[in-house]
Structures are given as C-alpha cells and as structure tokens.
Amino acid sequence: MKPFRLEVRDSQIVDLRERLERTRFPDEAPGPAWATGSSLSYMKELLEYWRSGFDWRAQEARINAFPQFKAPIDGIDLHFIHVRSQDPNAMPLLLSHGWPGSIVEFLELIPRLTERFHVVAPSLPGYTLSFAPGQRRFGVEDIAETFVRLMTEVLGYRKFGAQGGDWGAFITSRMAATRPELFTGLHLNYLTVPRDKVSDDADWQAQLADWVKERSAYAIIQGTRPQTLAYGLSDSPAGLAAWIAEKFHAWTDNRGTIESAISRDDMLANISLYWFTGAIGSSFWTYYARAHGPWPVPFPVTVPTAHASFPREILRPPRAVAEKHYTNIQRWTTMQKGGHFAALEQPAALAADIKEFFACV
C-alpha cells in the first residue's frame, strides 16, 4: 500500500481546452429540451465553462486533501481514500459509488462520517483512478471480491459496515450475501431487486415499464457494444460530457436544471476524472458483465439492512418487494428530497441516516 496524490499534467489540461474549443455541435432535435437527450443550449454553456471557467486545480486540491492510497490487488493498482476516525474504536465503513460516479461523490459525505467511522472509499476497479490501459476488466462479482480483500487483507478490518448506491449497491449487497460474517450492517440508497419478478404492485410495474421503454438505452449499449461507444467518448470531451450530464439531469432531484440539485463544479470534477484517466470505456464493463451473466447478487441478503429511499431515485421498489430479497431490513427511511446521486445531492441527510442506522446494529 502506497500513498497516492492526484497530479494531472499541465499538458493534459491544455489538450482538453483545445479539444473543447474545436467542438463540432449537432443541431437540436425537435421537441422540448432534454426530451431526446442532452440539451444543445445547455451543452454549449457547460462546455464553455469547462473550457474557460472551470478550475481543475481547485478540484484536484479538494481530492488531495484526503489521504489516498493505491494497493496492488487482483492484478491492478486499486485507488482508495482511507480516513481514520479520531476514535480508535470507530466502526470501519466502506463507501462504494457507481456509474457515472467517482470518489468525487463522497467529498462532502466523508467529513460528516469520520467522527463515527473509519471511512474507506475506493474508486471502483476500471473506473477513473483505479484504471490503467490494458488492465483486466471487472464485473460486480470481481469487484466484490477485490473489496473484501481491500478491507480484510490490506487494511486488516475483521468486521465492517458498508454503504452503496447504483453499482455500489450491487457490490456491497453481493459482499453481504457471500460474506455475511464480515458485516455489521448494510446501508443502501438503491435496491438491487431483480426486475423480472412478477409483482402485484402497480406502481412498481409502471416504473419497470417506463424504465424499459424510455430510460434503459444507455445500459443496453454499454452492456452490448461498450467498445464502439468508447471510441467517441474517449476522443471527444464534448461527447463524454453530454453522455454523463444527461444522467445528472435525468437522475437528480432538480428543478429543471442540474445545478439546482448539485454544483456544476462537482459534476465537471467527476467528468474530468473520467476524461483525464481515459477510463470511460473500462467503466462500461460492469454493464457488459451484468448483461452476459446471471444476476450478480445471490439472494437472500440476511445481514442487518437499511434503505434510504430518495424520491427521485431511478427505480424505487416497494418494501414488500424488497423484503423478499433483503430479509433483515431493520430501517426504511423515506427521504424528503434527493435522487440517484444521494451523496452529492443530500450529503447531510444521507450521513445522518447512515449514522442512525449503524448506531443501532
């Protein structure tokens, strides 16, 4: 395990700005803005800010304010933040992000947790700072095994809690299902309930129908032809930003603009990590592995579980459905505001729910 410091070369920043200056925009499709994808007027504004107003060095300094490390595990150099609490008896807590996220999601959350927890926040294998060209690809099952090794073999924790959303919910749920003896508890802001199960809940069925018809195209192409998509997004920062910004618009609890839910700088810091590391193609592999294998969580999950249900989460299974798969749900909190990127959108509310749950398990 070696200390790590993020240092993007000046030449990389210059190259990014030059590419942004040469962006060739499409025209706007008919219909309301955002109805068919990222809004043209918004993207012009966002890319100009990324080129001339965004301060990457300030965001780099925010990340470097946290103790970071890299450790050789399973054939890659795994990047992670590790902030130990001043309380030597604090509970270890693993935070796992998803796609198109990164450790940027946790920069406001971690300081709210370290009074009570030793916090470990890895970059998912194949994502941003845990990526190097040519390295092996990781699906959920592989990432779960890697994170078990990180927590137990590298950091020496015998028992720990875990929190996750998006792919992080899949990863931590699989860890809890396969290695329950390691877990004090599992806190999720997304539930990995299989989507092909029959349910009498009309709202749940309507959510699934809408997901298939209107919202799942990105996952289908990332899960079937990830390499083809990777060429465009690895070469064009405008394309990369449009691909990711559309998700922040669709999945946050916003009032018509992304910035009403999260800051523009936070979103661009996240996008910039994908750009500077060249990791977007590798990050798609979780989708490809999922599409070509069985459901990655071997239910039931029996460890004490909590769910923070945010109103604008992309899929919100009812508790009756969730309890068929998570059989020890001890806390179910209906959050007042927030969407898919809970740690970015509502870090104080999420931190409070995490602390209250683990105080009782």
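Everything below is about the structure printed above this text.
Scoring rules and cut-offs
Residues numbered from 1 in each chain as written. Predicted model: local features only at pLDDT ≥ 70, side-chain atom pairs only at ≥ 80, totals over all residues. Heavy atoms only, no water. Helix = DSSP H or I, 4+ residues; strand = E, 2+ residues; numbered from the N terminus. Rg over C-alpha atoms; globule rule 2.2 N^0.38 Å. Buried < 20%, exposed > 50% of the residue type's maximum accessible area, 1.4 Å probe, protein only. Contact = heavy atoms within 4.5 Å. Areas by Shrake-Rupley, 256 points an atom, 1.4 Å probe, with all protein chains shown as cover. Lys, Arg positive; Asp, Glu negative; His and termini not counted. Charge placed at Lys NZ, Arg CZ, Asp CG, Glu CD. Pairing = 2+ DSSP bridges. Axes fitted to C-alpha atoms, helices over the stretch in contact; angles between N-to-C directions. 1 Å grid on protein atoms, 1.4 Å probe; cavity = no way out; pocket = protein on both sides within 12 Å on 5 of 7 lines; lining within 4 Å. Points joined across faces, edges and corners; volume = space filled by probe spheres on them. Nonpolar A, V, L, I, M, F, W, Y, C, P; charged D, E, K, R; others polar. Left-handed = near helix turned anticlockwise from the far one by under 90°. Polar contact = N/O pair within 3.5 Å; in protein donor to acceptor, adjacent residues only side chain to side chain. Phe/Tyr/Trp six-rings, centres within 6.5 Å; stacked < 30°, edge-to-face > 60°.

(A) Representation of the overall build of the protein. If you tally the helices and strands in the protein, you get 15 helices and 9 strands. Computed over its C-alpha atoms, the radius of gyration of the protein comes to 20 Å, within 12% of the 21 Å expected for a compact globule of 361 residues. Seen through its C-alpha atoms, the protein measures out along the principal axes to roughly 55 × 50 × 35 Å. When the 361 residues of the protein are sorted by exposure, 57% land in the buried category. Within the protein, contacts between residues at least 6 apart in sequence are counted, and of these 79% link residues at least 24 apart. Only carbon and sulfur atoms are counted for the fraction: they give 50% of the accessible area of the protein, which is about 15,200 Å². Positive and negative side-chain charges in the protein, numbering 38 and 40 respectively, have mean positions lying 3 Å apart.

(B) Representation of the sheet that holds strand E1 (residues 2–4). Read from one edge of the open sheet, 9 strands run E1-E2-E3-E5-E4-E6-E7-E8-E9, paired in mixed fashion. Each of the sheet's edge strands pairs with one partner strand only, and the pair in question is E1 and strand E9 (329–334). On average, each strand axis in the sheet is inclined to that of its neighbour by 25°, with strand direction left out of account. Looking at chain direction, E1 and strand E2 (residues 68–73) are connected through 3 bridges and run antiparallel. Paired with Phe-4 across the two strands is Gln-68, which belongs to E2.

(C) The arrangement of the layout of surface pockets in detail. The space that makes up the largest pocket amounts to roughly 740 Å³. Put simply, the parts of the chain that give the lining of the largest pocket at least two residues each are helix H6 (202–215), helix H7 (217–224) and helix H9 (237–251). Top contributing element to the lining of the largest pocket by residue count: H9, with 7 residues. Across the lining of the largest pocket, the residue classes tally to 13 nonpolar, 6 polar and 8 charged.

(D) Layout of the packing of helix H4 (residues 140–154) against helix H5 (residues 167–178). Relative orientation of the contacting elements H4 and H5 amounts to 65°, with a least axis distance of 9 Å. Relative to H5, the crossing made by H4 is right-handed. Contact residues: H4 offers Val-140, Glu-141, Ile-143, Ala-144, Phe-147 and Val-148, while H5 offers Trp-167, Phe-170, Ile-171, Arg-174 and Met-175.

(E) View of the pairing of E2. Sheet analysis places E2 next to strand E3 (residues 76–83), joined by 6 bridges and oriented antiparallel. When the sheet's bridge partners are listed, Ile-73 is paired in E3 with Ile-76. Linking E2 back to E3 in an antiparallel pair, the connection comprises 2 residues, with Asp-74 at a positive phi of about 55°.

(F) Just the environment of Ala-144, in detail. Its place among the elements puts Ala-144 in helix H4. Classification of Ala-144 as buried rests on a relative accessible area of 4%. Here the alpha-carbon distance between Ala-144 and Trp-295, two residues 151 residues apart in the chain, equals 14 Å. Non-local contacts of Ala-144, meaning those with residues more than four positions away in its chain, are made with Ile-171, Arg-174 and Met-175.

(G) Region of interest: the side chain of Thr-172. Along the chain, the position of Thr-172 falls in helix H5. A polar contact of 3.5 Å, which involves the side chain of Thr-172, links it to the backbone oxygen of Ala-169. If sequence neighbours within four positions are ignored, Thr-172 has contacts with Leu-94, Ser-96, Ala-162, Gln-163, Gly-164, Phe-183, Leu-186 and Leu-188.

(H) Quick peek at empty space enclosed by the protein. For the structure on display, the rule yields 2 cavities of 30 Å³ or more. By volume, the largest cavity amounts to about 110 Å³. Listed by contribution, the elements that provide at least two residues to the lining of the largest cavity are strand E6 (160–164) and helix H14 (342–345). Here the lining of the largest cavity is composed, by residue class, of 7 nonpolar, 9 polar and 2 charged. By volume, the second largest cavity is sized at about 60 Å³. Every residue along the wall of the second largest cavity is listed here: Ile-13, Leu-16, Arg-17, Trp-50, Phe-54, Trp-56 and Phe-276.

(I) Structural view of the side chain of His-97. Residue position: His-97 is located in the loop between strand E4 (91–96) and strand E5 (117–122). A relative accessible area of 1% means that His-97 is categorised as buried. A polar contact of 3.2 Å, which involves the side chain of His-97, links it to the backbone nitrogen of Leu-124.

(J) Structural detail: the packing of aromatic side chains. Under the defined criterion, the tally for this structure stands at 21 aromatic pairs. Ring geometry for Trp-99 versus Tyr-218: centroids 5.8 Å apart, planes at 10°, classification stacked. Of this pair, Trp-99 sits in the loop between E4 and E5 while Tyr-218 sits in helix H7, placing them 119 residues apart in sequence. Across the pair, Tyr-218 and Trp-99 agree in class, each one buried.

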